[in-house]
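Descriptive structure summary
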There are 2 protein chains.
Amino acid sequence: MTFRFTLHATDGAARSGLIETPRGTIRTPAFMPVGTAGTVKAMLPESVRETGADILLGNTYHLMLRPGAERVARLGGLHQFMNWDGPILTDSGGFQVMSLAALRHLSEEGVRFSSHIDGSKHLLTPESSMEIQRLLGSDIVMAFDECPALPAERGALEASMRLSMRWAARSRVAFGERAGNALFGIQQGGLERDLREESAQALREIGFDGYAVGGLAVGEGQAAMFGVLDYAPAMLPADKPRYLMGVGKPADIVGAVARGIDMMDCVLPTRSGRTGQAFTRRGPVNLRNARHRDDPRPLDEACACPACKGYSRAYLHHTIRSGEIIGAMLLTWHNLQYYQDLMAGLRAAIAEGRLAAFKAEFDTAQAQGDIEPL
Amino acid sequence: MTFRFTLHATDGAARSGLIETPRGTIRTPAFMPVGTAGTVKAMLPESVRETGADILLGNTYHLMLRPGAERVARLGGLHQFMNWDGPILTDSGGFQVMSLAALRHLSEEGVRFSSHIDGSKHLLTPESSMEIQRLLGSDIVMAFDECPALPAERGALEASMRLSMRWAARSRVAFGERAGNALFGIQQGGLERDLREESAQALREIGFDGYAVGGLAVGEGQAAMFGVLDYAPAMLPADKPRYLMGVGKPADIVGAVARGIDMMDCVLPTRSGRTGQAFTRRGPVNLRNARHRDDPRPLDEACACPACKGYSRAYLHHTIRSGEIIGAMLLTWHNLQYYQDLMAGLRAAIAEGRLAAFKAEFDTAQAQGDIEPL
């Protein structure tokens, strides 16, 4: 079986469909929980599956440093290692090298850096990134790119984008043919429309199984991001999945889907869960806040996750404030459930041609804010 | 329905039976996981239940300070608060006040102390301990006592034991009658046989629904503890449950059960799980050790817990070394499963009159040590 994307419905620019892979089918628009270092933090993989997630993201940078890609390969690959038999997308490592590693040196060849864990020296190139993602057993491999933070000078954005396109071509060659696996190219160009077009053109000429809109959610703010998403997805082939990397808040996701994005990932639901921030239909709720101390009500009475079915806000407040692991477990589960429920709602709305109404209801509910304190 | 203990089988001094409570039946000998502050750390309560636990222990000291007993009561009691509908035993707070609180002052009345969390001042007495345990909704309430560390001077042990017996009488009065709930007295006396007898006599005269052997596992070592257990349980009424507090390692548990103990609790399986120490049929295994780094084998191929069914030693090693929460979750689950499997094995052996053979097999397997490295 090969990698295949089928579009089932559109509603304006928004699309819903299915990505079929040998390891299972991904319903799009899809949100991918982030399993950084071989675990979606504070969750068992069967619980992640229960929330409705079809695919996880793994971080090449983290995994290559610890436990190491060769070790993961010897242990049967990332799926067996982390006990997740569904599809896995791995990033290229490029973004996190630039944000996490020490002593980075960028050249045409790639990036030399020192590990933030033990200072060991590494070289990441398009070729080594493809090899590491192969060793991990990734189902969807990302081309190696450079992702500059915004704001950035146009000259720097242009040079960086062109480097990324040369790396994309090298990634394509190094990836070769891998039965059932997909290689995605990544569009760059910051907020510059002509650079986005030049990048899309370069990627289309190379040819990929899917296309990411990269270089967003890096400091530009939602309005600027939506500005790019108003035109960037349409520059990419309509018959391939479009993946917006590292996004985002619930409103970012709704806006991105409305603009034609099929896949997204973000650490926000998991990271926020560990610190007591919950996402709900009525907007974010900070469970650390003392107003929840005596509140016997569930976080969201309409949510089917264990945190909402079994516990009061008072309990969530108590466990988060006490640093109890169950607080992180329950709020992470809730947030991932909220994100997957949001995606299911978006998919249904697109299929039924009522995305505008869905979005209006979403905006109203979010603006309404949390339930009144007792 | 009332609290009732039924003895089903004996094998030497060892006993197996059932404790019936309005919230469910406890198979004895029973191991009670410790849910210190309203959570068995790193576990969902349904997972604790899945390991085979019939009853949890809650810590009065922790809960009175945070979130507070009155608050727990307003929120429906500890069972509803922590989402555990089975029986809960609460300790009296006495032991932890002496080990955790700051600025303790002991008097005939009780113990004045400052919270280790926020420095707030509190007074714990037999009467207030009974009231706090009532507010929590405890099914099995422990009398308020003082538990001296060992070694201790005989004079000090005697004075402490007699104070605890006066407190036991006050606890009995303050407890009054609570339908379906039980009050347990606690024997003290350190390693002094005559003091143990005097204490048992005092408790029997007061009359309790169950009797704890207290003041052990406080520094005396296994041989000295077993020395006391060779005679202390027989000093307590045979028709009531006998509870050994704060014990222990697997070999401690086997030895205590063989000497007539019906109930035990300990933080060891949960605390050890969080730091990478696993208990197995073949003895303890430290998953932090580098020898597990490349080991694709399960921790224990005969164990049915999620850690052993879904993951390699290499994965457990990786997640524990990386500080990933799933490492704590999986090893805590395994350790609780191991403890409950051990209790199930002990109960079956007693029922079938083959405890000596069970114990010999246990000792042999533990001495054998972990499987050979690859």
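Residues numbered from 1 in each chain as written. Chains lettered and ligands numbered in written order. Predicted model: local features only at pLDDT ≥ 70, side-chain atom pairs only at ≥ 80, totals over all residues.

1. Quick look at the domain arrangement of chain A
All names here are of chain A. In terms of domains, chain A is made up of domain 1 (4–265) and domain 2 (273–368). Contact residues are listed per partner, giving 26 residues for domain 1 and 23 residues for domain 2. For the side of domain 1 that touches domain 2, the secondary-structure elements that each account for two or more residues are strand E1 (4–11), strand E2 (14–21), strand E4 (30–32), helix H1 (45–50) and helix H10 (250–258). At 6 residues, H10 tops the list of elements feeding residues into the side of domain 1 that touches domain 2. (Domains from an automatic or database assignment. Contact = placed C-beta atoms within 7 Å. Helix = DSSP H or I, 4+ residues; strand = E, 2+ residues; numbered from the N terminus.)

2. Things to note about helix H6 (residues 126–136) of chain A
All names here are of chain A. Here H6 lies mainly inside the structure; 8 of its 11 residues are buried. Turning to H6, its buried residues number three or more, namely Pro-126, Ser-128, Ser-129, Met-130, Ile-132, Gln-133, Leu-135 and Leu-136. With its phi angle positive at about 85 degrees, Gly-137 sits one or two positions after the end of H6. (Buried ≥ 20, exposed ≤ 12 C-beta atoms within 10 Å, placed from the backbone.)

3. What to know about the nonpolar core
A general tendency of soluble globular proteins is for nonpolar side chains to be buried together. Among the nonpolar cores identified, the biggest contains 234 residues, and Phe184(A), Met264(A), Phe184(B) and Met264(B) are the most heavily contacted of them. Filtering out sequence-adjacent residues up to four positions away, Phe184(A) remains in contact with Ile140(A), Met142(A), Ala143(A), Phe208(A), Asp209(A), Gly210(A), Tyr211(A), Ala212(A) and Tyr243(A). (Core = buried A, V, L, I, M, F, W, Y, C linked by C-beta atoms within 7 Å.)

4. Describing the interface of chain B and chain A
A common way to report how large an interface is uses the accessible area buried once the components associate. Every contact between the two is made by 31 residues of chain B and, on the other side, 31 residues of chain A. When contributions to the side of chain B that touches chain A are tallied by element, the ones reaching two or more residues are helix H3 (69–74), helix H4 (78–82), helix H12 (306–310), helix H13 (313–321) and helix H14 (325–351) of chain B.

5. Some thoughts on the relation of the copies chain B and chain A
Rotating chain B by 180 degrees about the axis while translating it 0.0 Å along that axis superimposes it on chain A, leaving an RMSD of 0.0 Å. Taken together, the rotation and translation relating the two chain copies correspond to the operation of a two-fold axis. Measuring from the rotation axis to each C-alpha of chain B, the shortest distance belongs to Ile325(B), at 3.8 Å. Mapped onto chain A, 100% of the interface residues of chain B are again interface residues, and the two copies thus contact each other with one and the same surface. (Least-squares fit on C-alpha atoms with pLDDT ≥ 70 in both.)

6. Some words on the environment of Phe113(B)
All names here are of chain B. The topology assignment puts Phe-113 in strand E8 (residues 111–114). C-beta crowding within 10 Å serves as the criterion here: with 24 such atoms nearby, Phe-113 is assigned to the buried category. Taking C-alpha positions, Phe-113 is 6.0 Å from Ala-102, a pair spaced 11 residues apart along the chain. For Phe-113, the contacting residues outside a window of four places in its chain are Val-97, Ala-101, Ala-102, Leu-103, Arg-104 and His-122.

7. Concerning the sheet that holds strand E5 (residues 56–58) of chain B
Residues and elements named next belong to chain B. A sheet is described by the order of its strands in space; here 8 strands give the open sequence E4-E14-E13-E12-E11-E10-E6-E5, paired in parallel fashion. A single partner strand is all that each edge strand has here, and the edge strands are strand E4 (30–33) and E5. Geometrically, the sheet is characterised by an average inter-axis angle of 25 degrees between neighbouring strands, direction not taken into account. (Pairing = 2+ DSSP bridges. Axes fitted to C-alpha atoms, helices over the stretch in contact; angles between N-to-C directions.)

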